[in-house]
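Residue-level structural notes
Each chain, written out:
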Amino acid sequence: MTMNWFKFASPAAFYPIAGRLVPWLAGAALILILFSLYWGFFETPERLGGSNPQKEYYRIIFIHVPSAWMSMWLYLVLAGWAAIGLVFNTRLSFMMANAVAPTGAIFTFIALWTGAFWGRPSWGTYWDWDPRLTSELILFFLYIGYIALHSAIDDTRRADRAAALLAIVGLVMLPIIFWSINCPDPNQCAALHQRSSMSKVESNILLAMLTMTLGFWLYSFATAFSRLRGIILTREADSTWVRDVVAREAA
Amino acid sequence: MEAMLEFLRQGGYAFFVWGAFGVTFLLLIAETMQLRSSQRTILSRVGRLVRLRGSQDAAAPAAPTHTASTPKTRAETRGESR
């Protein structure tokens, strides 16, 4: 069977597809996020944990954990598209990487911010140079670095390649972030941050957390595709199909 | 009313809970609004570029097509540079 896998790799083909997907993705994201907020605030216990439970502030988990997951996942997506762009030299891949970066940076910031607001009541401090916190902060700088490097180079193709390389080198941070709390011997990585133990979480809390994750995931798709449309139009402004699109959408 | 106040207090941790949730959704809403407005800006800018090129083609069919000389900011130029 021969199938042209690169058919949708053409910006002209992907632009209308993304346009049709965005409202559905955004709508589904909104529904999931609202459901998660309702469930997280009204259908969950007031306390988390056994002998020394966390009080109401544990509810920050419903945005903290999903946004932290998204921050790492989106970086993987960003570096993945950057790598595909370098290997196959497809224009759309670089544009995808570009479109994902700001959303990833926002989720990384949210993970850090909500972590600080959770850390203060539970650990007594907003910030600590704990392995997990520090590596997540470096991830934030990587996103910022990617965006800054890309916008510092005027030649788009060169900017794509340089920023893609930075993104791929930055991939080294992902296992560090993961193992910074999940290392085999807890004494080896003396972390303030708890180890992840999803199996021990109460089912209502887990439900709210997972729906929020799915909601954030769809939100990321919606924003990335929407940003991608702008990038495509800007970069392909010379081609004839853009002329038709602009004439149609302006009308 | 009482129940609502109780809900807003979050057992005395209102500052942390609403500080975290508030900033999160403020950022997400800001991102969506920024995307909307930038989409409009891009459409009108690219439209202007396309029209400009069209009128140039009509005036001088032999002229190179990529001589758009509208004043552009650095950010705007970036996407089209080659």
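Residues numbered from 1 in each chain as written. Chains lettered and ligands numbered in written order. Predicted model: local features only at pLDDT ≥ 70, side-chain atom pairs only at ≥ 80, totals over all residues.

What follows covers the overall build of chain B. The secondary structure content of chain B amounts to 3 helices and 0 strands. Counted from the first residue to the last, chain B has its helices and strands arranged as α-α-α. (Helix = DSSP H or I, 4+ residues; strand = E, 2+ residues; numbered from the N terminus.)

A few words on the interface of chain B and chain A. Contacts between chain B and chain A engage 28 residues on the former and 35 residues on the latter. Looking at which element gives the most residues to the side of chain B that touches chain A, the answer is helix α2 (residues 14–59) of chain B, with 20 residues. Considering only residue class, the side of chain B that touches chain A consists of 14 nonpolar, 11 polar and 3 charged. (Contact = placed C-beta atoms within 7 Å. Nonpolar A, V, L, I, M, F, W, Y, C, P; charged D, E, K, R; others polar.)

Next up on the list: the nonpolar core. As a rule of thumb, nonpolar side chains are buried together in soluble globular proteins. In this structure, A:Ile60, A:Leu78, A:Ala97, A:Val100 and B:Ala20 are the most contacted members of the largest nonpolar core, which totals 76 residues. Within the residue set of this core, elements represented by two or more residues are α1 (11–42), α2 (61–88), α3 (91–123), α4 (131–152), α5 (156–170), α7 (203–235) and α8 (240–250) of chain A together with α2 of chain B. Not counting chain neighbours up to four residues away, the residues in contact with A:Leu78 comprise A:Ala97, A:Val100, A:Ala101, A:Gly104 and A:Ala167. (Core = buried A, V, L, I, M, F, W, Y, C linked by C-beta atoms within 7 Å. Buried ≥ 20, exposed ≤ 12 C-beta atoms within 10 Å, placed from the backbone.)

Now for the packing of α3(A) against α4(A). Geometry of a packed helix pair, given as the angle between the helix axes and the separation of the axes. Residue and element names in this part refer to chain A. Across the interface, α3 lies against α4 with an axial gap of 9 Å and an inter-helix angle of 150°. Looking at the two axes, α3 sits roughly antiparallel to α4. Note on packing geometry: the crossing formed by α3 with α4 is left-handed. Residues Asn98, Ala101, Pro102, Gly104, Ala105, Thr108, Phe109, Ala111, Leu112 and Gly115 of α3 form the contact with α4, whose own contacting residues are Leu133, Glu136, Leu137, Leu139, Phe140, Tyr143, Ile144, Tyr146, Ile147 and His150. Looking at the contact of α3 with α4 residue by residue, the class counts come to 14 nonpolar, 5 polar and 1 charged. (Axes fitted to C-alpha atoms, helices over the stretch in contact; angles between N-to-C directions. Parallel < 35°, antiparallel > 145°, perpendicular 65-115°, else oblique. Left-handed = near helix turned anticlockwise from the far one by under 90°.)

Okay, α4(A) next. Residue and element names in this part refer to chain A. A rise of 1.5 Å per residue sets the reference length of α4, with its 22 residues, at 32 Å; its end C-alpha atoms lie 31 Å apart and thus fit the reference within 8%. Listing the buried residues of α4 in full gives Arg132, Leu133, Glu136, Leu139, Leu142, Tyr143, Tyr146 and His150. Buried-residue contacts for α4 involve α2, α3, α5 and α6 (173–182). (Expected span 1.5 Å × (residues − 1).)

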